[in-house]
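Okay, here's what each chain looks like letter by letter:
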Amino acid sequence: MMRNKIRALILVLACAVIGASSAMAQPIQKPQSGTAISETAMHYTKMVAVDCATKAHMWTTAGCLRTLSESSRVMVSNYMETLEREGQTSFVELVKNNCAASTAAEQGTYPAAAMKSAFIECANTISDVAENSRLVPDLAHYELLAGPILCMSNDRRCRHVEHRLKQFLYK
């Protein structure tokens, strides 16, 4: 079951375009092409690029995990606000409870495997909530949760994630 969720996550990544254009929370559909990346997503994309993708094997370092946790906290908070604003309050606690661990590295040092597991749990929960609520998070920011899972798993598609992230170093 976990493997199917991860495959679904990767499919979401492929459909959502890694990094370049995404939509803010809207009814679940393909993102509108040409929609500008949010300032928040841009800020964290640059941070993740610097802290996680500038050198090989940085994805499991404390600095990278801290940045990914901070990014996760902000993305999850914004998504919960959207759910609440749109009257989908029944999903807010689910997201909060299943994404809390993904923010742990902001407060301390945790094993990379534990953080990867927390990121997967959070990404899967958000995927389920988006499907059931018909509201998606900021997709560019969600990709900063989902894409690193590939890299932390030593997946060959990480090269594409890193390539896209490095493009943001000079913007």
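Since the structure is predicted, the reported quantities are computational estimates derived from the model, not experimental observations. (Residues numbered from 1 in each chain as written. Predicted model: local features only at pLDDT ≥ 70, side-chain atom pairs only at ≥ 80, totals over all residues. Heavy atoms only, no water.)

Colleague: Which parts of the structure should I look at to understand the overall build of the protein?
Modeller: On a plain count of helices and strands, the protein comes out with 7 helices and 0 strands. Counting from the amino terminus, helix and strand elements in the protein follow one another as α-α-α-α-α-α-α. Among the 171 residues that make up the protein, the fraction classed as buried is 47%. Relative to all contacts within the protein whose residues are 6 or more apart in sequence, the contacts with residues 24 or more apart total 69%. (Helix = DSSP H or I, 4+ residues; strand = E, 2+ residues; numbered from the N terminus. Buried < 20%, exposed > 50% of the residue type's maximum accessible area, 1.4 Å probe, protein only. Contact = heavy atoms within 4.5 Å.)

Colleague: What exactly am I supposed to notice about the packing of helix α5 (residues 112-133) against helix α6 (residues 139-152) here?
Modeller: Describing two packed helices takes the angle between their axes plus the distance from one axis to the other. Running from amino to carboxyl end, α5 crosses α6 at an angle of 135°, the nearest separation of the two axes being 9 Å. Taken together, the axes of α5 and α6 are oblique relative to one another. Here α5 and α6 pass one another in a crossing that is left-handed. Only Tyr142, Leu145, Ile149 and Met152 of α6 make contact with α5, whose side of the interface consists of Ala112, Met115, Lys116, Phe119, Ile120, Cys122, Ala123, Ile126 and Ser127. For the contact of α5 with α6, the per-class residue count stands at 11 nonpolar, 1 polar and 1 charged. (Axes fitted to C-alpha atoms, helices over the stretch in contact; angles between N-to-C directions. Parallel < 35°, antiparallel > 145°, perpendicular 65-115°, else oblique. Left-handed = near helix turned anticlockwise from the far one by under 90°. Nonpolar A, V, L, I, M, F, W, Y, C, P; charged D, E, K, R; others polar.)

Colleague: Honestly, the nonpolar core in this entry has me stumped. Any pointers?
Modeller: Soluble globular proteins: nonpolar side chains tend toward being buried together. Grouped together as the largest cluster of nonpolar side chains are 43 residues, with contacts concentrated most on Trp59 and Ile126. For this core, the elements supplying multiple residues, two or more each, are α2 (39-52), α3 (62-85), α4 (92-99), α5, α6 and α7 (158-166). Every residue in contact with isoleucine 126, bar those within four places of it in the chain, is listed here: Met75, Val76, Tyr79, Cys99, Pro137, Tyr142 and Leu145. Core analysis: the second largest hydrophobic core is formed by 5 residues, Ile37, Met42, Ala140 and Phe168 among them. (Core = buried A, V, L, I, M, F, W, Y, C linked by side-chain atoms within 4.5 Å.)

Colleague: Even after reading the chapter, I still don't get the state of the cysteines, so can you show me in this structure?
Modeller: Think of a disulfide as a covalent bridge from one cysteine sulfur atom to another cysteine sulfur atom. In the structure shown here, the tally under the stated rule is 3 disulfides. Note that cysteine 151 is cross-linked by a disulfide to cysteine 158, the S-S spacing being 2.1 Å. Taking the sign of the S-S torsion, 105° for the link of cysteine 151 and cysteine 158, the bridge is right-handed. You'll find cysteine 151 and cysteine 158 in the same group, each marked buried. (Disulfide = S-S within 2.5 Å.)

Colleague: Would you take a moment to explain the packing of α4 against α5 for this structure?
Modeller: Closest axis-to-axis distance for the α4/α5 pair is 8 Å, and the angle between their directions is 165°. Taken together, the axes of α4 and α5 lie roughly antiparallel to each other. Pair α4 / α5 crosses with right-handed handedness. Taking contact as the criterion, the partners of Leu94, Val95, Asn98 and Cys99 in α4 are, on α5, Glu121, Cys122, Thr125, Ile126 and Val129. The class makeup of the residues in the contact of α4 with α5 is 6 nonpolar, 2 polar and 1 charged.

Colleague: Sorry if this is basic, but what is going on with the pattern of salt bridges here?
Modeller: Once the charged atoms of two side chains with opposite charge are near each other, the side chains can pair. What the rule picks out here adds up to 3 salt bridges. In this structure, arginine 85 and glutamate 86 form a salt bridge, with 4.0 Å as the shortest nitrogen-oxygen distance. What makes arginine 85 exposed here is its relative accessible area of 58%. On the basis of relative accessibility, which here comes to 46%, the residue glutamate 86 falls in the partly exposed class. Between arginine 157 and aspartate 155 there is a salt bridge, and its shortest N-O distance comes to 2.7 Å. (Salt bridge = Lys/Arg side-chain N within 4 Å of Asp/Glu carboxyl O.)

Colleague: In this structure, what is going on with the environment of threonine 60? I would like to understand it.
Modeller: Positionally, threonine 60 belongs in the loop between α2 and α3. Remark: the alpha-carbon pair of threonine 60 and tyrosine 110, spanning 50 residues in sequence, is separated by 10.0 Å.

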